[in-house]
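Below, each chain spelled out in residue letters.
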Amino acid sequence: MLVPTEQLLQHARQDRYAVGAFNVYTLEAVRAVVSAAEESRSPAILQVLPKALELGGTALIALCLEAARTAGVPLSVHLDHCSSADTIETALEAGISSIMADGSGLPYDRNLAFTRQMVDLTLSRGKSVEAELGRLSGSEDGMTVARRDACLTDPAQAEMFADQSGVHALAVCIGNVHGTYHAPPQLDFKRLAAIADRVRIPLVLHGTSGLPDAMITRAVALGVCKFNVNTELRSAGMAAGAAYLEEAYKPELVERMQVEVNAMRQPVMAKIGLFGSAGKAS
């Protein structure tokens, strides 16, 4: 069933678990997330990045919305990491549940101004907004941030930003990165606890792929309500599809699609278990 993202996150915050937000690019990925969520009786979020939206058009959003409506568990559809007001407008017109207004690459004042504009635009349609304060290193679909420019979230500034912007969820930077971790992750949990003490909206952690299980469960305990998962999901699908083409005597497209669905279900199921959202579909 299609439900507002804000409702999913508020429930997660109240009951101390987190919702997985899984980036999807294809029908196979959508089916993998929905199937895993239904089997686990878990809420979930289907996420679309601007680059995927640029290629797939609003038909990709329509696919996700229909999959959410017909699912047997609560799902929402979210536009991830978007710094374009025009793209946000397009997604809202297509019926998306929520958006991430990403001004994290801007100076604080400009980030705040952009975010407030997007909150005003989105609230008029009854949707919700996620923003990011601080800046992650790593790369994701054409968006690259040098490690030297990465900036951790300041707790006092996070409180002020949340209050002044009116956002419904805040993504924080505590040492997490986009993409692959090339060294053991070092998350600043003291910083996360300080942010959680001061910010009264759901917190989000990006760059979940590759984080050790213990770090994820600790972040949940400290108040993270939404985790973004991209790299593990798409890597599993691409690897399975490539292996199928190498091994199949007579490859069939639908068979390859099912192989990819099965492969992507596995990391989704694993993350749902870690996030504590299994059985929370009600």
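Up top is the structure these notes are about.
This is a predicted model, so every value here is computed, not measured. (Residues numbered from 1 in each chain as written. Predicted model: local features only at pLDDT ≥ 70, side-chain atom pairs only at ≥ 80, totals over all residues. Heavy atoms only, no water.)

This brings us to helix H8 (residues 189-198). Residue pairs three or four apart in sequence face the same way in an α-helix, which turns once every 3.6 residues. Every buried residue of H8 is accounted for by Phe189, Leu192, Ile195 and Ala196. One side of H8 holds all its buried residues, which, seen down the axis, span an arc of 115 degrees. For H8, exposure combined with an orientation more than 90 degrees from the buried face picks out Lys190 and Asp197. The inward-facing, buried residues of H8 contact helix H7 (155-165), strand S8 (169-172), strand S10 (203-205), helix H9 (213-221) and strand S11 (224-229). Near the N-terminus of H8, the side chain that reaches the backbone nitrogen of Lys190, with its oxygen 3.4 Å away, is that of Asp188. (Buried < 20%, exposed > 50% of the residue type's maximum accessible area, 1.4 Å probe, protein only. Helix = DSSP H or I, 4+ residues; strand = E, 2+ residues; numbered from the N terminus. Arc of directions from axis to C-beta. Contact = heavy atoms within 4.5 Å. Polar contact = N/O pair within 3.5 Å; in protein donor to acceptor, adjacent residues only side chain to side chain.)

Once that is clear, we can look at the nonpolar core. Ranked by internal contacts, the top residues of the largest apolar core, which has 73 residues, are Phe22, Ile88, Ile99, Leu205 and Phe227. The element contributing the most residues to this core is helix H2 (residues 27-40), with seven residues. Residues within four places of Leu205 in sequence aside, it is in contact with Val172, Ile174, Asn176, Leu187, Leu211, Ala219, Val224, Lys226, Phe227 and Asn228. In this structure, Tyr17, Ala21, Ala171 and Cys225 belong to the second largest nonpolar core, which totals 12 residues. (Core = buried A, V, L, I, M, F, W, Y, C linked by side-chain atoms within 4.5 Å.)

Right, let's talk about the sheet that holds strand S3 (residues 75-82) for a bit. Taken together, eight strands build a closed barrel; the order of strands is S1-S2-S3-S4-S5-S8-S10-S11 and the barrel is parallel. Between one strand axis and the next, the sheet turns by 25 degrees as a mean value, whatever way the strands run. Relative to strand S2 (residues 44-48), strand S1 (residues 19-23) runs parallel, the two being bridged by three bridges. Paired with Asn23 across the bridge in S2 is Gln47. Together, S1, S2 and S3 form the strand contacts of H2, whose direction differs from that of S2 by roughly 170 degrees. Docked against the sheet, helix H4 (residues 58-70) engages S2 and S3, running at close to 150 degrees with respect to S3. (Pairing = 2+ DSSP bridges. Axes fitted to C-alpha atoms, helices over the stretch in contact; angles between N-to-C directions.)

What follows concerns the side chain of Arg265. Among the secondary structure elements, Arg265 is positioned in helix H11 (residues 253-275). The buried category is assigned to Arg265, whose relative accessible area is 17%. Among the polar contacts made by the side chain of Arg265, one reaches the side chain of Glu39 at a distance of 2.6 Å.

Okay, the environment of Ala162 next. For Ala162, the position within the fold is in helix H7. Once the C-alpha coordinates of Ala162 and Ile201 are considered, the two residues, 39 residues apart in sequence, prove to be 7.6 Å apart. Setting aside residues no more than four positions away along its own chain, Ala162 makes contact with Val167, Val199 and Ile201.

Their axes nearest at 9 Å, the elements helix H6 (residues 108-123) and H7 cross at an angle of 35 degrees. Crossing handedness for the pair H6 and H7: right-handed. For the pair formed by H6 and H7, the contact residues are Tyr108, Asn111, Leu112, Thr115, Arg116 and Val119 on the first element and Gln157, Met160, Phe161, Gln164 and Ser165 on the second. For the contact of H6 with H7, the per-class residue count stands at five nonpolar, five polar and one charged. (Left-handed = near helix turned anticlockwise from the far one by under 90°. Nonpolar A, V, L, I, M, F, W, Y, C, P; charged D, E, K, R; others polar.)

Right, let's talk about the packing of aromatic side chains for a bit. Considering all chains together, one arrives at two aromatic pairs under this definition. Between Tyr108 and Phe161 the ring centres are 5.9 Å apart and the planes differ by 70 degrees, which places this aromatic pair in the edge-to-face class. Pair noted here: Tyr108 is in helix H6 and Phe161 is in helix H7, with a separation of 53 residues, a long-range link. Here Phe227 and Phe275 contribute two aromatic rings whose centre-to-centre distance is 4.7 Å and whose plane-to-plane angle is 10 degrees, an arrangement assigned as stacked. Of this pair, Phe227 sits in strand S11 while Phe275 sits in helix H11, and the two are 48 residues apart along the sequence. Residue classification places Phe227 among the buried residues on the basis of a relative accessible area of 0%. Of the residues examined, Phe275 reaches a relative accessible area of 1% and is grouped as buried. (Phe/Tyr/Trp six-rings, centres within 6.5 Å; stacked < 30°, edge-to-face > 60°.)

The buried count for S11 comes to six of six residues, which makes it a mostly enclosed element. By the bridge criterion, four bridges tie S1 to S11 in an arrangement that is parallel. Within S11, the residue paired with Gly20 across the bridge is Phe227. Bridge count for S10 against S11 is three bridges, and the pairing is parallel. Note that in S11 the partner of Val204 across the bridge is Lys226. Handedness of the crossover joining S10 and S11 through H9 is recorded here as right-handed. (Right-handed = clockwise from strand over helix to strand, strands pointing away.)

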